[in-house]
Structure formats: structure tokens, C-alpha cells
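As a plain string of letters, each chain reads:
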Amino acid sequence: MSNGDFDPTKPIYLMSYPKIVLLYPTFIASIICGFIALFLEDAANPTQSTLALSFMAILGVNLVVLAFDFPRTTSLTLFFCIVAFVFGFILLMRQFPDLLPAVSSFFNSLKPHANSTFYFLFAGVLGIIYLCVFFTVRMDYWEIRSNELLHHHGFLSNLERYSAPNLRISKEIDDIFEYLLMRSGRLIIHPSSEPRAFVLDNVPFIDGKEARITKMLSALQVTVRQEGPPLPPSNPKS
């Protein structure tokens, strides 16, 4: 980022989102499945079962992302290996039903059906929750300026001010899935005038915001150092 692209006087806004926003893949899948089911009017169509199973698979994986943290790449690899093993086992039972007849009959009996109304209702409920989250996070957010840190919170926008000079920030990526889905992570703010630190979880696009904050604090330090008048040159001893 060049100096012309960054304005140290422009405030930086930080918002912490709840984990339910990570369900947006299921939200998108429910809308797509709703339109597909709308064109498949026949409930006995085998594609309906495949569509419902696909939706449940996406929902199940998405709920696992919300329920557990995957702090390392090894845990992410293990998760994908388990998912691949499960789906491979199901496909094997469908292709070779005589291998394990009891298991194959169980999987063959799984024929869920859902109409377009179900998918659209699911998407509608999530959409309403997302709207509530959209307005809620704007009642509790942080604003970093070149000389102060502001905390806006409450319905009437209560305001708390902290000094920005000597402000320290820490970035943590605790969940690989959160980072992949929303480029989000945890941001820890340490004001110099406060003994406690403020922890903001699930901050979207954390890399760009952390870089902007670092540039702002660096510009502030340079400005503070240049505020005083230059010292007169010392006279050499005669």
C-alpha cells in the first residue's frame, strides 16, 4: 500500500460478529435448493432425496464449523479426511450393497424429502437473524482514530474514550474455518491508559484492518516525534 492509498486521519471501524454469520454457506445452499425444488414439483422424484441429502450434508458440515475450533492446519486436514472417509463409505455401500447388507439397507432407506417451502422458510429465518445481527453489531463497535480509541455501545450510542498513543494490538487466528469463510480472527486491543485488554472475536477481514491500524499508529508516532521545534545547533568550543 503506497502512501497515497492510506489516509491516517480516516477512522478504522472494528465490529465483532457472532459465530452464526458463519452459516452463510447453508443460507446460500437453502436458497439454491429452494429454487431447484420449486422446479421439481414431483415429490417422488429421486432428485428430491439427493437434494435433501446434499442440503443436510452442507448443514452438518457448517454446524461442525460452529461447534468446534480448528486452530491448526493439521486439524483442518484431519477434518477433511474424516468427511472424505464418511462420504466414500456411503458411496461404497451404495455401489456394493452385498458387502455389508445391513449397513447398505440403512443407507438405502435414507430418502428424505423437502419441498421448496421448507428451504425458503429456512433461508427466511436465517435472513431475519442476519438482519438482527446487522443492526445489533452497529450498536456495539470500536472506532480507532489517529489520536483516540472510541467504544460506541448501547441503544443510545454511549461513548467511551481511550488514548490512542502507545496503543498495542494483537492478532490471533484461532479457527482456520473462520479465517477461510470470512477472513476473520481475534483482535486484542491494549490501550496504554487501561490495565485490561479488550478482546474482539470474529472480526472480518482482520488482516487488512490490522495492517491499517499498524500504519495509523506508525504515522502517529512519526507525527509526535516531529511536533517539537528543531534544536539549535550547538556551538563548537573555541
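Caption draft 1: Looking closely at the sheet that holds strand E6 (residues 185-190). Taking strand neighbours across the sheet as the criterion, the three strands line up as E5-E6-E7 in an open arrangement whose pairing is antiparallel. Looking at strand neighbours, the two that pair on one side only are strand E5 (168-172) and strand E7 (198-203), the edges of this open sheet. The average undirected angle you get between the axes of adjacent strands in this sheet is 20°. Pairing of E5 with E6 involves five bridges; the strand directions are antiparallel. By the bridge assignment for E6, lysine 171 is matched with leucine 187.

Caption draft 2: How the structure looks around the pattern of salt bridges. Under the criterion given, the structure shown has seven salt bridges. Lysine 19 is the partner of glutamate 178 in a salt bridge, and the nearest nitrogen-oxygen pair spans 3.2 Å. In this pair, glutamate 178 is assigned in helix H6 (residues 176-182) and lysine 19 in the loop between strand E1 (12-14) and helix H1 (24-39), connecting sequence segments 159 residues apart. On the basis of relative accessible area, lysine 19 is assigned to the partly exposed category, the value being 29%. Aspartate 201 is paired through a salt bridge with arginine 186; the nearest N and O atoms lie 2.6 Å apart. Here the residue aspartate 201 occupies a position in strand E7, and arginine 186 occupies one in strand E6, the gap between them amounting to 15 residues. You can call arginine 186 partly exposed: its relative accessible area is 29%. Each member of the salt-bridge network shares a partner with another, and the members are Glu143, Arg145, Glu148 and Arg161.

Conventions and cut-offs
Residues numbered from 1 in each chain as written. Predicted model: local features only at pLDDT ≥ 70, side-chain atom pairs only at ≥ 80, totals over all residues. Heavy atoms only, no water. Pairing = 2+ DSSP bridges. Helix = DSSP H or I, 4+ residues; strand = E, 2+ residues; numbered from the N terminus. Axes fitted to C-alpha atoms, helices over the stretch in contact; angles between N-to-C directions. Salt bridge = Lys/Arg side-chain N within 4 Å of Asp/Glu carboxyl O. Buried < 20%, exposed > 50% of the residue type's maximum accessible area, 1.4 Å probe, protein only.

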